[in-house]
There are 2 protein chains.
Amino acid sequence: MAEPKGQVVGLLVSSDDKPGVLYRVAETIFRHGGNITYVAGGAKRQEVGAELQVEVSGAPDTEQLMADVRAVEGVTHVSLVPTLQAVYGKRVIVIGGGAQVGMVAQGAVSEADRHNIRGERISVDTIPLVGEADLAAAVRAVAHLHRARVLVLAGALMGGDISHAVREIRDAGIIVVCTSMAGSVPDVADLVVGDPVEAGVMAVMLIAGHG
Amino acid sequence: MAEPKGQVVGLLVSSDDKPGVLYRVAETIFRHGGNITYVAGGAKRQEVGAELQVEVSGAPDTEQLMADVRAVEGVTHVSLVPTLQAVYGKRVIVIGGGAQVGMVAQGAVSEADRHNIRGERISVDTIPLVGEADLAAAVRAVAHLHRARVLVLAGALMGGDISHAVREIRDAGIIVVCTSMAGSVPDVADLVVGDPVEAGVMAVMLIAGHG
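A quick note: this is a predicted structure, and the numbers were derived from the prediction, not measured.

Enquirer: Would you explain the relation of the copies chain B and chain A in this entry?
Expert: Note on the chain copies: they are related by a rotation about an axis and a translation along it. At an RMSD of 0.0 Å, chain B and chain A line up after a rotation of 180 degrees and a shift of 0.0 Å along the axis. The transformation just described matches what one would write down for a two-fold rotation axis. Closest to the rotation axis within chain B is the C-alpha of B:Asp125, separated from it by 2.0 Å. Comparing contact sets, 100% of the residues at the interface of chain B also lie at the interface in chain A, consistent with an isologous, same-surface contact.

Enquirer: Is there a simple way to think about the environment of A:Gly119 in this case?
Expert: All names here are of chain A. Among the secondary structure elements, Gly119 is positioned in the loop between α4 (98-116) and β6 (122-128). Using a relative accessible area of 60% as the deciding quantity, one classes Gly119 as exposed. With 35 residues separating them along the chain, Gly119 and Leu84 place their C-alpha atoms 15 Å apart.

Enquirer: Is there a simple way to explain the packing of helix α5 (residues 132-142) of chain A against helix α6 (residues 161-171) of chain A in this structure?
Expert: When two helices pack together, their arrangement is given by the angle between the helix axes and by the axis-to-axis distance. Residue and element names in this part refer to chain A. Look at α5 against α6: their axes get within 8 Å of each other, and the N-to-C directions meet at 0 degrees. Here α6 runs roughly parallel to α5, going by the angle between their axes. Side by side, α5 and α6 meet where Glu132, Leu135, Ala136, Val139, Arg140 and Val142 of the first sit next to Asp161, Ile162, His164, Ala165, Val166, Glu168 and Ile169 of the second. When the residues that make up the contact of α5 with α6 are grouped by side-chain class, the tally is eight nonpolar, one polar and four charged.

Enquirer: Could you clarify how one ought to interpret the sheet that holds strand β5 (residues 90-96) of chain B in this entry?
Expert: Hydrogen bonds between backbone groups are what pair the strands of a sheet, and the pairing can be parallel or antiparallel. Spatially, the 10 strands line up as an open sheet ordered β9(A)-β8(A)-β7(A)-β5(A)-β6(A)-β6(B)-β5(B)-β7(B)-β8(B)-β9(B), and their pairing is mixed. With partners counted over all chains shown, the strands left at the sheet margins are β9 (191-193) of chain A together with β9 (191-193) of chain B, one partner each. When strand polarity is set aside, the average angle formed by the axes of neighbouring strands in this sheet is 20 degrees. As paired elements, strand β5 (residues 90-96) of chain A and strand β7 (residues 148-154) of chain A share six bridges and run parallel to each other. Counted as the bridge partner of A:Ile93 is A:Leu151 from β7(A). Against the sheet, α4(A) engages β5, β6, β7 and β8 (175-179) of chain A together with β6 (122-128) of chain B, with an angle of about 170 degrees to β6(A).

Criteria and thresholds
Residues numbered from 1 in each chain as written. Chains lettered and ligands numbered in written order. Predicted model: local features only at pLDDT ≥ 70, side-chain atom pairs only at ≥ 80, totals over all residues. Heavy atoms only, no water. Least-squares fit on C-alpha atoms with pLDDT ≥ 70 in both. Contact = heavy atoms within 4.5 Å. Helix = DSSP H or I, 4+ residues; strand = E, 2+ residues; numbered from the N terminus. Buried < 20%, exposed > 50% of the residue type's maximum accessible area, 1.4 Å probe, protein only. Axes fitted to C-alpha atoms, helices over the stretch in contact; angles between N-to-C directions. Parallel < 35°, antiparallel > 145°, perpendicular 65-115°, else oblique. Nonpolar A, V, L, I, M, F, W, Y, C, P; charged D, E, K, R; others polar. Pairing = 2+ DSSP bridges.

Below, the structure is given as structure tokens:
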């Protein structure tokens, strides 16, 4: 996905577990000129009602923002946390089935390890999956995954609606790599790599060092 | 993380790229009695200002909700999309460095492939990482990762603040597995598995078939 411009701050917001908290927090962020780029509910501890991780770009005064969010009805605690981008970085998404998907993941994890040890942050997220409809839905959803940059499709045969989905997410700025396979996906991907381990390595190299 | 109760619907909301859209969408969802469980900005195509994937639980009338979100100032298009839970399912998170992290990922991907081919949805998300501070931050953030259920720590030596972080996320409901290693992490994990491939397999088995 496109990265938000300017500094992004991560806020962990604890609150009573009732509706309307996010709406009121969003209103507060809006009044600060900020833009919410990510929200996810957190795990619930026994003693806490609900937790939200909220990421905000474009709000100039973080301390005042935190004070104002703290004052929102229902909010019990606000703390600054690292953004998911800072902690987990850019995401390589690996989708496919059988032996290939594990080999692509292996190549990508090994290459990401070599980059991350020198200070980069690249994650490798794998969903083993088969079947045209399920694969097409999973490919389409990559365009709406936080921090996703490159998709590797790993398998022996992919085409039909999967190829339509590949075109759509390429239009949305996602790089698509695939292993050598039957079907029309190799015709619409950015890059076709014969060896699945090498396909994983290449996917990481394509996004490494580009901020 | 704890799963929201009741049906969750995924909405893809296209809008002009200006602040306040999420705040007004959140207000609309609040008026429908709904709870926002996930929001992420999407990739930006040339012709579209901004896209948000918003997941909502507890709103009884999806059609009216979509109509009302469509009427929000700045919103240009609203469509129903599968939730990330439906598409990618539960997440196994693998964190660590060196040879072990790739072997854990391999075991987990291979086992998830066997479950998913029978209709389950389990993803394996890996961040190769070393260093106490970076590892502790990555472990802590697992509690705020959408759909994360189990963490596998893979390495040769982990302790100190990483062990504190492990206790915190266990309190938050995340299962923690680790490979055999030096340091105090094996003392605080739910499960220690000697072979890294087997650790990945076990992590998937621990969350498979539990909804």
